[in-house]
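# Inside the fold
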Amino acid sequence: MRTQKCHGRVTAALVGCTALVLSVAATAPAQADSPSRSASRDLGRQVLGANDGWASYGTGTTGGAAADADHVYTVTTWDEFKAALAAGGSAPKIIRVKGVIDAVAEGCDAFAAPGYDFDAYLAKYSPEAWGLDTDLGAEPDDSPEGLRRASAAAQDKAIKANIPANTTIVGIGRNAGFKGVSLQIKAVDNIIIRNLAFESPIDCFPQWDPTDGANGNWNSEYDTAVVYGATHVWLDHNTFSDGTHPDSAAPTYFGMLYQQHDGELDIVRGADLVTASWNVFTEHDKTILIGNSDSESTAAGDRGHLKVTFHHNLFSNLVERAPRVRFGQVDSYNNHFVGNDSYAYSFGIGKESQLVAEHNAFTLPTGVVVGKVLKRWNVSPLTADDNYVNGTPTDLIAVHNAEIPAEVLQSGAGWTPTLRTKVDPAGSVPRIVDCGAGAGRLG
């Protein structure tokens, strides 16, 4: 284990001084004060700076910075938060979050439909009793699966929050965030989300699909944040984590992990012009998905969209999708990727993706094959220049092709990013990002 000094503070562990849990207090270091911030020290009034990633394109991203006094809200409960979202329509608004807001404080039982019994569900749909050839889609409403569907619908209604246009949601202080919430940024423009720690929502009622794979699978819902057909979205200095419900603590049923998490951030269905900066994504499996399907019906709405910038983010102890990309022009620079023994890959190269991954740093444990940093799902050229692995300059494409010759990748994404602010040397990225990324660092 190495130690790392961050502006007068010495911390241990690979991820340095990054805040990884809701309760961590930290002081904003100089590097965290990115050029994306306006001169104002009122977090709610700050806007995305010029040239700071795709969200700065065109009209830029100002969120609710222009809100009048009647549309500035300070919330401490889930009901207050939802009321603030609903007030004033799409007029500019600022929602200031104090403390940790828990959308499922009463527990999963609060959503269960009358008569729902998990033991009865397991008994009826076990492979021995049901087999693996038929899914549960035709099960009637009064069956265990029908009651599960009703329970899931109640949770869906309770934990999702629709974000209106021209909104800034900002954490106040060093310990602000959400537990069990799914933010829905759908078909709106001009959103800012900053300085918040998110504990991923758990699906209280995952569905068993006997036909998913050779042995069946548990499938879950609820991403922490979904950008769905929305534009001009800036996510900055947030922390996304599984928190108190890691997959490592989940049980198995029917020999398969009882999966209760979906993604931490999905950008889908023609969403466009998104910048994610100085965030921490940690302790998760399927982390970020850009473009959710290869199908032509979906592709028609995704081609020419899904333009996303990731810079100065920490991707720590994840399994995969940091991100997985379809169709989009994605610029990933100055990010730090920290792997563990469960590491599968970082960048997923999907259908018609146009990924540029430059000036990043990867810290991988002994035994992890460097070629796994890139994962080819489809043949789509990418640009991957000036990246460091464990402190050494590494040609990620050449190493991948040498180590995984059955999945050869081609170089050259076909475009050159121009919407960047200061680009830090790749060798300095671990120190800069570990000491600057995450919630609780903006005062």
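Residues numbered from 1 in each chain as written. Predicted model: local features only at pLDDT ≥ 70, side-chain atom pairs only at ≥ 80, totals over all residues. Heavy atoms only, no water.

## Quick notes on the overall build of the protein chain
For the record, the criterion: Counting from the N terminus, the helices are the DSSP runs of H or I reaching at least four residues and the strands are the DSSP runs of E reaching at least two. With C-alpha atoms as the basis for the radius of gyration, the globule rule is written as 2.2 Å multiplied by the number of residues raised to the power 0.38. Relative accessibility under 20% of the residue-type maximum defines a buried residue, over 50% an exposed one, and the middle range a partly exposed one, all with a 1.4 Å probe and only protein chains included. Surface accessibility in these figures is a Shrake-Rupley result with a 1.4 Å probe; residues are shielded only by whichever protein chains are displayed.
Counting its secondary structure elements, the protein chain contains 7 helices and 33 strands. The globule rule puts the C-alpha radius of gyration for 443 residues at 22 Å, and the 21 Å found for the protein chain is close to it. Here the C-alpha coordinates of the protein chain stretch approximately 60 × 60 × 45 Å along the principal axes. Counting the 443 residues in the protein chain, one finds 56% classified as buried. Only carbon and sulfur atoms are counted for the fraction: they give 51% of the accessible area of the protein chain, which is about 16800 Å².

## Some remarks on the pairing of strand β15 (residues 231–236)
How we decide: Strands were regarded as paired on the criterion that DSSP finds at least two bridges between them.
In terms of burial, β15 is a largely internal element, 5 of the 6 residues being buried. Looking at chain direction, strand β10 (residues 189–194) and β15 are connected through 5 bridges and run parallel. Looking at β15, one finds that R194 is bridged to D236. The sheet contact formed by β15 and strand β20 (residues 272–277) spans 5 bridges and is parallel. Considered in β20, the bridge of T231 is made with D272.

## With respect to the sheet that holds strand β28 (residues 347–349)
The test is simple: Working rule for contacts: check all heavy atoms of both residues, and any pair within 4.5 Å makes them a contact. Every axis corresponds to a line fitted to the C-alpha atoms, with the helix fit spanning only the stretch in contact, and the corresponding angles, defined between N-to-C directions, vary from 0 to 180 degrees.
Pairing is parallel across the open sheet formed by 8 strands, whose spatial order is β6-β9-β14-β19-β22-β25-β28-β31. Where the open sheet ends on each side, the last strands, each with one partner, are β6 (160–162) and β31 (374–376). In the sheet, strand β22 (residues 288–290) pairs with strand β25 (residues 324–325) via 2 bridges, with the strands oriented parallel. The residue of β25 that forms the bridge with L289 is R324. Where helix α4 (residues 144–159) meets the sheet, it contacts β6 and β9 (182–186), and its direction lies at approximately 40 degrees from that of β6.

## A closer look at the environment of D79
If you trace the backbone, D79 turns up in helix α1 (residues 78–86). Judged by relative accessible area, D79 falls into the exposed class, the value being 57%. Separated by 270 residues in the primary sequence, D79 and I349 place their C-alpha atoms 40 Å from one another.

## Considering the packing of aromatic side chains
Condition: Between the rings of Phe, Tyr and Trp (Trp by its six-membered ring), a pair exists once the centres lie within 6.5 Å; its type follows the angle of the planes, with under 30 degrees stacked, over 60 edge-to-face, and the other angles tilted. Here, a charge over a ring is recorded when the distance from Lys NZ or Arg CZ to the ring centre is within 6 Å and its angle to the ring normal is within 35 degrees.
Enumeration according to the criterion identifies 28 aromatic pairs in this entry. Ring pairing ties together the aromatic residues W78, F81, F178, F198, F240, F281, F310, F315, F337, F347 and F362, which thus form one cluster. Note that K307 overlies the ring of W54, its terminal NZ or CZ placed 5.9 Å from the centroid. Positioned above the aromatic ring of W377 is the side chain of R324, whose terminal nitrogen or guanidinium carbon lies 4.1 Å from the ring centre.

## Remarks on the confidence of the model for the protein chain
Parts of the prediction with low pLDDT should not have their coordinates interpreted in detail. To be explicit about the condition: pLDDT: the predictor's confidence for each residue, scored from 0 to 100.
The pLDDT averaged across the protein chain works out to 92; a share of 91% of its residues lies at or above 70. In this model, residues 7–16 is a region of pLDDT below 50 whose contacts with residues beyond four sequence positions or in other chains number 31 contacts. Note on residues 18–39: pLDDT under 50 across the span, and 67 contacts to partners over four residues away in sequence or across chains.

## What about the state of the cysteines?
Using the following cut-off: When two cysteine sulfur atoms are found within 2.5 Å, that pair is recorded as a disulfide.
Evaluation of the coordinates by the stated rule reveals 1 disulfide. A disulfide bridge connects C108 with C204, and the sulfur atoms are separated by 2.0 Å. Handedness of the C108-C204 disulfide follows from its S-S torsion of about -70 degrees: it is left-handed. One end of the pair, C108, is in the loop between β5 (100–102) and α2 (118–125); the other, C204, is in the loop between β11 (197–199) and β12 (207–209), with 96 residues separating them in the sequence.

## Describing the side chain of S293
Put simply, the test is: As used in this structure description, the phrase polar contact means that two N or O atoms lie within 3.5 Å; if the pair is within protein, one of them must be able to donate a hydrogen and the other to accept it, and residues adjacent in sequence are counted only when both atoms belong to side chains.
Positionally, S293 belongs in the loop between β22 and α5 (296–302). At 3.0 Å, the side chain of S293 forms a polar contact with the backbone nitrogen of S295. Residues in contact with S293, not counting those within four places in the same chain, are T298, R326 and F327.

## Details of the pattern of salt bridges
Rules: Whenever a carboxyl oxygen of Asp or Glu lies within 4 Å of a side-chain nitrogen of Lys or Arg, that contact is scored as a salt bridge.
Per the stated rule, a full pass over the model turns up 15 salt bridges. Across the pair E139 and K124 runs a salt bridge whose closest N-O atoms are separated by 3.3 Å. In this pair, E139 is assigned in the loop between α3 (127–130) and α4 and K124 in helix α2, connecting sequence segments 15 residues apart. With relative accessibility at 12%, the residue E139 sits in the buried group. A salt bridge links R420 to D331, with the nearest nitrogen and oxygen atoms 2.8 Å apart. Separated by 89 residues along the polypeptide, R420 in the loop between α6 (396–403) and α7 (429–434) and D331 in strand β26 (residues 329–333) bring together distant segments of the chain. Here R420 falls in the buried class, since its relative accessible area comes to 16%. Classification of D331 by relative accessible area gives buried; the value is 1%.

## Some remarks on the side chain of H336
Mapping H336 onto the fold places it in strand β27 (residues 336–338). By relative accessible area, H336 is classed as buried at 0%. Of note is the side chain of H336, whose polar atom sits 2.7 Å from the side chain of T363.

## A short note on the sheet that holds strand β8 (residues 177–179)
If you trace the 10 strands from one edge of the open sheet to the other, you get β5-β8-β11-β16-β21-β24-β27-β30-β32-β33, paired in mixed fashion. Two strands close off the open sheet at either side, each with one partner strand: β5 and β33 (392–394). In this sheet, neighbouring strand axes are inclined to one another by 20 degrees on average, regardless of whether the strands run parallel or antiparallel. By the bridge criterion, 3 bridges tie strand β24 (residues 314–320) to β27 in an arrangement that is parallel. Bridge pairing in β27 links S316 to V338.

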